[in-house]
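Breakdown of the fold
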Amino acid sequence: MNVLEWPSQSPDLNPIENLWKDLKTAVHKRSPSNLTELELFCKEEWAKMSVSRCANLVESYPKRFAAVIAAKGGSTKYYFMLYEYLCTLDFSVFYFLKIMIIRVMYHFAFTSQLSVTSFPTVFSSSKVKHELVANYSHLFWVQGSRPELQPYMLLAHTDVVPASEDDAWEVPPFSGDEKDGFIYGRGTMDDKGSVMGILAALEYILMKGYTPQRGFYIGLGHDEEVHGLNGAVNIVRLLKERGVKLLFVLDEGSAILDGILKGLDGPAALIATSEKGATVLKLSVSMPPSHASMPPRETTIGILAAAVKRLEENPMKRLFGLGPEGGMFEHLAHKFRFPLNFVMSNLWLFAPLIARIMERNETTNAFVRTTTAVTMFNAGVKENVIASYAEAFVNMRIHSAQTLKEVHSVQRWSTVGDPRVKIEVVYGFDPLPISPYDETSFGFQIIKKTVLDMFPSMIVAPGMCIANTDSRHFKDLSSSIYRFTPAIYKPGDAQRFHGINERTSRENYEGMVQFFFRLFQNCDIKKLPDVSLDHN
Ligand SMILES: CCCCCCCC/C=C\CCCCCCCC(=O)N[C@@H](Cc1ccc(O)cc1)C(=O)O
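The name given to the protein in an unreviewed UniProt entry is Peptidase M20 domain containing 1, tandem duplicate 2, and the organism recorded there is Neogobius melanostomus.

Okay, here's the thing in structure tokens:
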């Protein structure tokens, strides 16, 4: 059999997409009511696909090809017809498929049509080289006029976590609707706001005719929310092959916090110099299934539930002050009101006390310890059968003063504490190294200067990223990795990340564009700003 080469990423060009659509229509008409029926109907309808239908699709290839060329690689009516059709389906049994399609559509809209038409200068400038990496990630190289200057890199990502309208969003999560000065939608904070901010700033600076002296890269990953193993990892691989070393890297991961740190006068821009490690553990319990009328004294579900409860009731030890968060609070100390300013300046003495206060709030607790979140629990197939298998996934974010190895051994030997519970490590990595933030650190000082150019009285301090970002894959390319988005977050905003009503204010979005616009220019300055003259 001859295996044909097919185009890598275009639903317009792949005839299989139309066959999927035919299959979905046919199966939908038969209204499967459970997974078994769904599988059966899929197989039956697939077997009915005619050879002539396939032949017609292949014959229409030249027409599609011409349409894709006319759209400069962007979407054509063929793709949107398919998407519009899918939107009309009642997706009760296709729920996961729907989420996937909406994500792909969102993605596709960005990766082709939207980017080319919204940023025409970026895509036509001779100074900008654009390439797709692993089909969906983007790597831009913006050439500087002084090739001897070491380049830097900005990162953001286009993928998002799922969102469901059933979760009571104020506006549909994929509408991008504006309400009361806020743009709502999944990804507005994490992290399409940065994607658009960076590209808009680049568009404007090129339109103005500004030629940067220092060249820079922009990396837009497509799978950050699933570890960046295709996007960021392949961008890093390419840059390594090309012998690139980066002066600094700037990614998402921290922001300007206003009113989130209790007792602090005014907002503070926290440029994260490190990020926590992470691990996911799978806990499972197995036993033979049996009749629900004769239950054993303990079931798989009961045993696992008890183990999970022990995990929740026994948080990891307090480590506040022993990682980079210590430096962050000491840096901010003089901006806290009395007596917190005194307490924060003497963490060597008061760290245990502050830790007890901070752990009461879920956001600040993340700075105190390695966190433990039970995120998935699956068990049971029928309500009158004792489940033979129960599993739970535990997502942990590792404090900088702890190691992956230590976390695994604590969980294995003390907290889960039941040999019937099998523990498997799904993945894990150590906390990231701390990037420099002294007065000679170009990246840190330039980001700080750019913040101060926009907000002259802002407090700027090194911070800590409590989640994880694509930037962790770049640690062999640079020892100066910073995580900071120039958006102002207020109480309640932290819960919008991966939560409901994710949104960005118009001001935040405009600020983002302005920030990157200024950053491009600030990276060309010859001498670092004198830190003794700033406002901190
Ligand atoms: C005392 C100070 C309070 C700080 C409050 C923070 C407010 C919000 C400020 C900044 C935003 C932080 C944004 C973090 C970006 C997160 C990106 C992300 O969600 N990445 C995934 C990656 C991942 C990791 C592990 C997995 O198993 C899957 C995906 C993440 O979940 O971290």
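Having seen the model, we can carry on.
Right, let's get into the domain arrangement of the protein. Per the domain assignment, the segments making up the protein are domain 1 (14-115), domain 2 (119-253 + 467-522) and domain 3 (275-429). When each unit is reduced to the centre of its C-alpha atoms, the spacing between domain 2 and domain 3 is 30 Å. Across the boundary between the two partners, domain 2 contributes 9 residues, which contact 9 residues of domain 3. When the buried surface of domain 2 facing domain 3 is broken down by residue, His227, Ala467 and Asn468 rank first, second and third, together holding 55% of it. Connecting domain 2 to domain 3 are 1 salt bridge. For Glu275, the salt bridge is made with Arg483, and the minimal N-O distance between the two is 3.0 Å. Counting every contact that joins domain 2 to domain 3 gives 6 residue pairs in polar contact (both at pLDDT 80 or more).

What follows concerns the sheet that holds strand 19 (residues 503-505). A sheet is described by the order of its strands in space; here 3 strands give the open sequence 4-5-19, paired in antiparallel fashion. On the outer flanks of this sheet lie strand 4 (178-179) and strand 19, each paired with one strand and no other.

Here we come to the nonpolar core. Counting 43 residues, the largest nonpolar core has Leu250, Phe516 and Leu519 as its most contacted members. Elements that contribute at least two residues to this core include exactly strand 2 (137-142), strand 3 (152-157), helix 8 (192-207), strand 6 (216-221), strand 9 (268-275), helix 16 (442-454) and helix 17 (506-522). For this core, the element with the highest residue contribution is helix 8, accounting for 8 residues. The residues touching Leu250, leaving out its near neighbours within four places in the chain, are Met153, Leu154, Leu155, Ile447, Tyr482, Arg483, Phe484, Phe515, Phe516 and Leu519. In this structure, Ala255, Phe350, Ile354 and Met358 belong to the second largest nonpolar core, which totals 29 residues.

Near the ligand, the surroundings consist of 22 residues, among which Glu224, Leu261, Arg397, Tyr427 and Asn468 are the closest. Between the ligand and Glu225 there is a distance of 3.3 Å, counted from an oxygen atom to a side-chain nitrogen or oxygen. Relative to its unbound accessible surface of 780 Å², the ligand loses 90% to contact with the protein. For the shell around the ligand, the secondary structure elements donating two or more residues are helix 14 (362-368) and strand 14 (389-398). Among the elements that make up the shell around the ligand, the one with the highest residue count is helix 14 (3 residues). For the shell around the ligand, the per-class residue count stands at 9 nonpolar, 8 polar and 5 charged. Two domains each provide a minimum of three residues to the shell around the ligand, namely domain 2 (119-253 + 467-522) and domain 3 (275-429).

This next bit is on the environment of Ile447. Of note, Ile447 is situated in helix 16. C-alpha separation for the pair Ile447 and Val460, spaced 13 residues apart in sequence, amounts to 9.6 Å. Sequence-distant contacts of Ile447, that is, excluding residues within four places in its chain, are made with Phe248, Leu250, Ile271, Tyr482, Phe484, Phe515 and Leu519.

The next subject is the pattern of salt bridges. The tally for this structure, following the rule as stated, stands at 27 salt bridges. The shortest N-O distance in the salt bridge between Glu359 and Arg318 comes to 3.0 Å. One end of the pair, Glu359, is in the loop between helix 13 (347-358) and helix 14; the other, Arg318, is in the loop between helix 10 (300-313) and helix 11 (324-332), with 41 residues separating them in the sequence. Classification of Arg318 by relative accessible area gives partly exposed; the value is 36%. Look at the salt bridges and you will find they share partners, linking Arg30, Glu44, Glu45 and Lys48 into a network.

Take the pairing of strand 9 next. Burial of strand 9 is extensive: 8 of the 8 residues sit out of reach of the surface. Sheet topology note: the strand 8 (residues 256-257)/strand 9 ladder contains 2 bridges and is antiparallel. Residue pairing in the sheet places Leu257 in a bridge with Ala268 of strand 9. With 6 bridges connecting them, strand 9 and strand 16 (residues 459-465) associate as parallel partners. Across the sheet, the residue bridging to Ala268 is Ile459, located in strand 16.

Conventions adopted
- Residues numbered from 1 in each chain as written.
- Predicted model: local features only at pLDDT ≥ 70, side-chain atom pairs only at ≥ 80, totals over all residues.
- Heavy atoms only, no water.
- Domains from an automatic or database assignment.
- Contact = heavy atoms within 4.5 Å.
- Buried area = accessible area lost by both parts, 1.4 Å probe.
- Salt bridge = Lys/Arg side-chain N within 4 Å of Asp/Glu carboxyl O.
- Polar contact = N/O pair within 3.5 Å; in protein donor to acceptor, adjacent residues only side chain to side chain.
- Pairing = 2+ DSSP bridges.
- Helix = DSSP H or I, 4+ residues; strand = E, 2+ residues; numbered from the N terminus.
- Core = buried A, V, L, I, M, F, W, Y, C linked by side-chain atoms within 4.5 Å.
- Buried < 20%, exposed > 50% of the residue type's maximum accessible area, 1.4 Å probe, protein only.
- Near = heavy atom within 4 Å.
- Areas by Shrake-Rupley, 256 points an atom, 1.4 Å probe, with all protein chains shown as cover.
- Nonpolar A, V, L, I, M, F, W, Y, C, P; charged D, E, K, R; others polar.

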